[in-house]
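Coordinate inspection notes
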Amino acid sequence: MSLLKIPHAIPNTVIFDWHATLVDTKDAMYRAVDDVLPILEEHGLIERLVKPGESKTLEDEKLVKYVRKNARLHPRIKSERKVSRTDIFEVLFSKNEEAKALAHKYFDECYGKYAGVVEPFEDGIRDNLIELRSLGMKLGVISNRKREYMEKEIRNVENGSWVPLFDTLTCGDDVAQRKPAPDLILKALDNLGMPASTGCWYVGDSTTDVVAAKLAGVTAVFYNGAGWDRRWIDKIFPETVTHPHTPDTIINHFDELTEMVALYRHIDLEIHPIRSH
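Residues numbered from 1 in each chain as written. Predicted model: local features only at pLDDT ≥ 70, side-chain atom pairs only at ≥ 80, totals over all residues. Heavy atoms only, no water.

**Some remarks on unusual backbone geometry**
Applied cut-off: The helix count covers DSSP runs of H or I at least four residues long, the strand count covers runs of E at least two residues long, and both are numbered beginning at the N terminus.
Cis geometry is found at the peptide bond from Lys179 to Pro180, where omega equals 15 degrees. Here Pro180 lies in the loop between strand S5 (168-171) and helix H8 (183-192).

What follows is the structure, given as structure tokens:
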């Protein structure tokens, strides 16, 4: 996959993933996963883990094997803090939607004990959001989290100053299926009165975010906030028959996103100058 890929559509809407994209919820997510994994067996979910030889990568297979044996995450995964709970559940259960739904349910029950501490993932993100709005973008945020947790967290970021920056907030309990299904993106666009098109740029940090964007028919912007190298990015986006979805572009910092939107906006005004009046 080329890292030089660029979006093909001028943006009118930018929708963001929450955890590990816009914000860092610190250890809350991993603490809740720690609570969930030991109870998988009592809920009949251990037997639903991906079978040996059916994982996407060797690393995924090792994660499944470790969880099956130890009922917890490997310490390295927790120390690096680069993998979302959605990606963890995707690795563990793959296409077993019922098992994933149950895992998310138990996660929600556990997460409430830790929700609340949240900080911007990068310095200056609020300024970037303000600039995107000044460029005429509608802004939305989506998350697999329950609404009660999301509303609490967004109010806690920089003294609540982020709340008015978004035109819609869409949460896991607002839709039938969470990411990587496209429901959250489609619901956010419906809230905004916008069609599902590549004019919507969806920014997220995980493979499930890219899959959700592609299934929704919008532009997939992969935020490489974890600092993955080219080798690893090629591995997680192999562009094969079984895993065909790849991002339309990759950004490493939010300044890159803002600059790209500004460039596309400038091009749009040159093509359609009447819109500037």
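**As for the packing of helix H1 (residues 28-36) against helix H5 (residues 97-111)**
What describes two packed helices is the angle between their axes and the distance between those same axes. Formally: Only the stretch in contact is used when fitting a helix axis, every axis being a line fitted to C-alpha atoms; angles between N-to-C directions are given from 0 to 180 degrees. The scheme is simple: roughly parallel for angles under 35 degrees, roughly antiparallel for over 145, roughly perpendicular for 65 to 115, oblique for anything else. The handedness criterion is simple: a crossing whose near helix is rotated anticlockwise from the far helix by less than a right angle is left-handed, and one whose near helix is rotated clockwise is right-handed. Here a residue-residue contact requires only that any non-hydrogen atoms of the pair lie within 4.5 Å. The classification used treats Ala, Val, Leu, Ile, Met, Phe, Trp, Tyr, Cys and Pro as nonpolar, Asp, Glu, Lys and Arg as charged, and all other residues, Gly among them, as polar.
Remark: H1 packs on H5, axes separated minimally by 8 Å, with the N-to-C direction vectors making an angle of 120 degrees. Relative to H5, the element H1 is oriented oblique. As H1 packs across H5, the resulting crossing turns out to be right-handed. Facing Ala28, Met29, Ala32, Val33, Asp35 and Val36 of H1, the residues of H5 in contact are Ala103, Tyr106, Phe107, Cys110 and Tyr111. Residue classes in the contact of H1 with H5 are distributed as ten nonpolar, no polar and one charged.

**Quick word on a negative patch on the surface**
Stated formally: Within the patch definition used here, like charges are joined within 9 Å and nonpolar side chains (Val, Leu, Ile, Met, Phe, Trp, Tyr) within 5 Å, considering only residues with over 30% relative accessible area and no salt bridge. Accessible surface is estimated by sampling points in the Shrake-Rupley manner with a 1.4 Å probe; for residues, cover comes only from the protein chains shown. Salt bridges are defined as contacts in which a side-chain nitrogen from Lys or Arg sits within 4 Å of a carboxyl oxygen from Asp or Glu. Only four residue types enter the charge count: Lys and Arg as positive, Asp and Glu as negative, with His and the chain ends excluded. Taken as the charge centre is NZ of Lys, CZ of Arg, CG of Asp or CD of Glu, depending on the residue.
On the surface, Asp123, Asp127, Glu131, Glu158, Asp255 and Glu259 cluster together into a negatively charged patch. Residue assignment for the negative patch shows that the elements contributing at least two residues are helix H6 (125-134) and helix H11 (254-271). Here Glu259 shows up in helix H11.

**Some details on the pattern of salt bridges**
The line we're drawing: Burial classes follow relative accessibility: with a 1.4 Å probe on protein chains only, a residue under 20% of its type's maximum area counts as buried, one over 50% as exposed, and anything between as partly exposed.
Taken as a whole and assessed by the stated rule, the structure comprises 18 salt bridges. Of the charged contacts in the structure, one is a salt bridge between Glu98 and Arg48, with a shortest N-O distance of 3.4 Å. Of this pair, Glu98 sits in helix H5 while Arg48 sits in the loop between H1 and helix H2 (58-70), placing them 50 residues apart in sequence. A relative accessible area of 51% places Glu98 in the exposed class. Through salt bridges with shared partners, one network takes in Asp17, Lys179 and Asp209.

**A look at the environment of Asp34**
Rules: N or O atoms closer than or at 3.5 Å make up a polar contact, with two conditions inside protein: a donor-capable atom paired with an acceptor-capable one, and, for residues adjacent in sequence, both atoms drawn from side chains.
With respect to the helices and strands, the residue Asp34 is situated in helix H1. According to the relative accessible area criterion, Asp34 is partly exposed, its value standing at 23%. Along the chain, Asp34 and Trp201 lie 167 residues apart, while their C-alpha atoms are 33 Å from each other. Only 2.7 Å separates the side chain of Asp34 from the side chain of Lys78, close enough to count as a polar contact.

**Some words on the nonpolar core**
To be explicit about the condition: In plain words, nonpolar cores are sets of buried Ala, Val, Leu, Ile, Met, Phe, Trp, Tyr and Cys residues tied together by side-chain atoms within 4.5 Å.
Ranked by internal contacts, the top residues of the largest apolar core, which has 31 residues, are Phe16, Trp18, Leu22, Leu129, Trp162, Phe166 and Leu257. Put simply, the parts of the chain that give this core at least two residues each are strand S1 (13-17), H6, strand S4 (138-143), helix H7 (147-156), S5, strand S6 (200-204), strand S7 (219-223) and H11. Contact partners of Trp162, with chain neighbours within four places excluded, come to Trp18, Leu22, Val23, Pro120, Ile125, Arg126, Leu129, Ile154 and Val157.

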